[in-house]
Every structure is written in structure tokens, then in C-alpha cells.
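Structure at a glance
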Amino acid sequence: MTAAPARSRAVTALLVAPAGLFFLFLLILPLMVVVVFSFGERAPAGGYSPAFTFENYLNLAARGQAFLNTLTLAPLATLLTAIFAFPMAYFLAVKVDPRWRVSLLVLVMAPFWTSQLLRYYAWIMLLGGKGIPAWFSWIGIDNVRIINTPWAVLIGAVYGFLPLMVPPIYVSLEKLDKRLLEASADLGATPVRTFFQVTLPLALPGVATGSMLVFILLMGDYILPQYLGGGKVFFIGNALVDLFLQSRNWPFGAAVSVALVAIMFATIFFYMRFVLGKTGTRRVALV
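Right, let's walk through the structure included here. (Residues numbered from 1 in each chain as written. Predicted model: local features only at pLDDT ≥ 70, side-chain atom pairs only at ≥ 80, totals over all residues. Heavy atoms only, no water.)

1. Things to note about the layout of surface pockets
To be explicit about the condition: Lining residues are defined by having an atom within 4 Å of a point belonging to a cavity or pocket. Those points lie on a 1 Å grid over the protein atoms alone, cavities being sets where a 1.4 Å probe fits but cannot get out and pockets being open sets with protein on both sides within 12 Å along at least five of seven lines. Grid points are joined across faces, edges and corners, and a volume is the space filled by probe spheres set on the points. A run of DSSP states H or I qualifies as a helix once it reaches four residues; a run of E qualifies as a strand once it reaches two. Both are numbered from the N-terminal end. Three classes are used, and their members are as follows: Ala, Val, Leu, Ile, Met, Phe, Trp, Tyr, Cys and Pro are nonpolar, Asp, Glu, Lys and Arg are charged, and the others, Gly among them, are polar.
What the largest pocket holds in volume is close to 380 Å³. Lining the largest pocket are 15 residues, and of these Leu79, Ala82, Ile83, Val207 and Ser211 sit closest to its centre. Where the lining of the largest pocket is concerned, the elements lending two or more residues are α3 (64-95), α9 (191-219) and α12 (250-279). Looking at the lining of the largest pocket residue by residue, the class counts come to twelve nonpolar, three polar and no charged.

What follows is the structure, given as C-alpha cells:
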């Protein structure tokens, strides 16, 4: 009787071991190195010099604008992406003929088939002086400037990460029992009330999963603010590139990295607790 459970545990350990080793050597150990570096000092020629000081953490305010931009624009872009993705996912999951759902979902993912850099260059042309601002000037609205502003970063973020938000919401809505919508209507609920009391709560796990995927990638993004922000809208990713590759202040860059990880962990922890509390379940849809 005891041999079977022991054999089962051994098989489970063997199956989990590759992922566990991958997690240990490619995530935990590098993060520990970054934490150690964050307490060091900048060497005279740049890089890392062994020490134990909290000066790097006390100096985080020097990159306060990068933190402010990231913690403002990343959540806002995530919210806007979810707002734009939800109707699309609802249409695909509920309204479209099942024969066409997979084909349309593939088209939603089609932008990922091209280089992210190429897509942002296309937006530089659209948002630049000869693009959308020129169209505004034709109708008498002059001096419209979009490129190199936070608005350009938000537009690029919604466009760039929309294909990542749609599938998790689609998966949740695909399981939606239409009889619940009919029952809500029969009981006299308006479409708006049905949406907020039936549809949205059932789709909330998918929204949470998509939001976390988008939020995590935006928090560490470098290309988006660099190209559409024109170096005037700094994210933490831009600050890290400057600290590690240009000023070569590795300890301060490591401290900024640790602060970024801590902020992301705390944000995700409280967000997921809120979502799980709303859904009343401990399960979250994963894609």
C-alpha cells in the first residue's frame, strides 16, 4: 500500500524537476545576483565593486520620473487594452459562428507575426507630422502633436498588446452559458445590468490573466517608450538601459531592478486577491 504513493511521488518529482531546475537557474539565481549587486558600489571604471550599503536604495528618487511614468502609463495602458479587447473577445466567443472563430482568432494574433520594432516604426509614421496630425490640419486643426508624447505610448501599447489580451478573455467567454443571459433577460434585467452582474463576473478570470500578461510586459518595456516616446517618456526599462550600458552604474541599476520586481510582485499579489475575491474562486484561467 505504501509503495504506490511513494512511486507516484517519485514520478511527480521527475516530471517537475526539469521545470524546477529551469526556474532555479534562470530566475532565482540571477535574481539573487541582482540583489547582491544592489548593495554594492560603482567601481571607478564602472561596473560593480563589492560593498554593503543602502545608498543605492536611498537614491531611488533620482529615477523618480521613470517610476512615475511607468506606474502611471502601464496600468492605464493595461486598462485601455482590456476595454478594447473585451468587445472583440465577446464578439468572437458569443456572436461569431463557431466555424469562423478559430480563423478570426488567428487574424487577431496576426500582428505578432511581424517584428515589434517594425510595427512601432509604422506607428512613428502614422503619428508623426505627415500622418494623423497632417489629417487634422486638413480640417483646420493645427499644431496637433502626438509622437514623442505619453499619448503615443498609450496608443502603441494598446495596439501592441491587444492580441495578448483577447485570447484569455475569449477563453473565459467561450464557456459562458447563454442560458444565463436569457434567464437574466427573462427576470427583467437590462442588457447593462446583465453585463455587469453575469457576463463580466464570469469573464473576470480571463480579464485578470490578460491584464497580468500585459501589465508585466509593459512594466519592463524598453522599445515602446524609446521609439514612440522619443526619449522624452522614460520607463524604468529605459532607466535600466542607461544605468547598465551607458553610465555603467551596475549597483544602482540593480537596486532599480529589485525595486521594480518588488512593485510588480506587490501589485500582482493585491490585484489577484481582489479578483479572486470578486469571482469567489481560487482558480484563474491561464492561457
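2. Comments concerning the pattern of salt bridges
Note the following rule: Salt bridges are defined as contacts in which a side-chain nitrogen from Lys or Arg sits within 4 Å of a carboxyl oxygen from Asp or Glu. Whether a residue is buried, partly exposed or exposed follows from its accessible area with a 1.4 Å probe, protein chains only, as a fraction of its type maximum: under 20%, in between, or over 50%, in that order.
The final tally for this structure, using the stated rule, is three salt bridges. A salt bridge links Asp242 to Arg63, with the nearest nitrogen and oxygen atoms 2.9 Å apart. Of this pair, Asp242 sits in helix α11 (residues 236-246) while Arg63 is found in the loop between α2 (55-58) and α3, placing the two residues 179 residues apart along the sequence. Since its relative accessible area comes to 21%, Asp242 is described here as partly exposed.

3. Looking at unusual backbone geometry
Here the phi dihedral of Asn143 falls at roughly 60 degrees; this positive angle occurs in a residue that is not glycine. Looking at where Asn143 falls in the secondary structure, it is placed in the loop between α6 (132-138) and α7 (150-174). The exposed category is assigned to Asn143, whose relative accessible area is 80%. Located in the positive-phi region is Asn148, a residue other than glycine, with phi close to 65 degrees. With respect to the secondary-structure elements, Asn148 resides in the loop between α6 and α7. Take Asn148: its relative accessible area is 23%, and that puts it in the partly exposed class.

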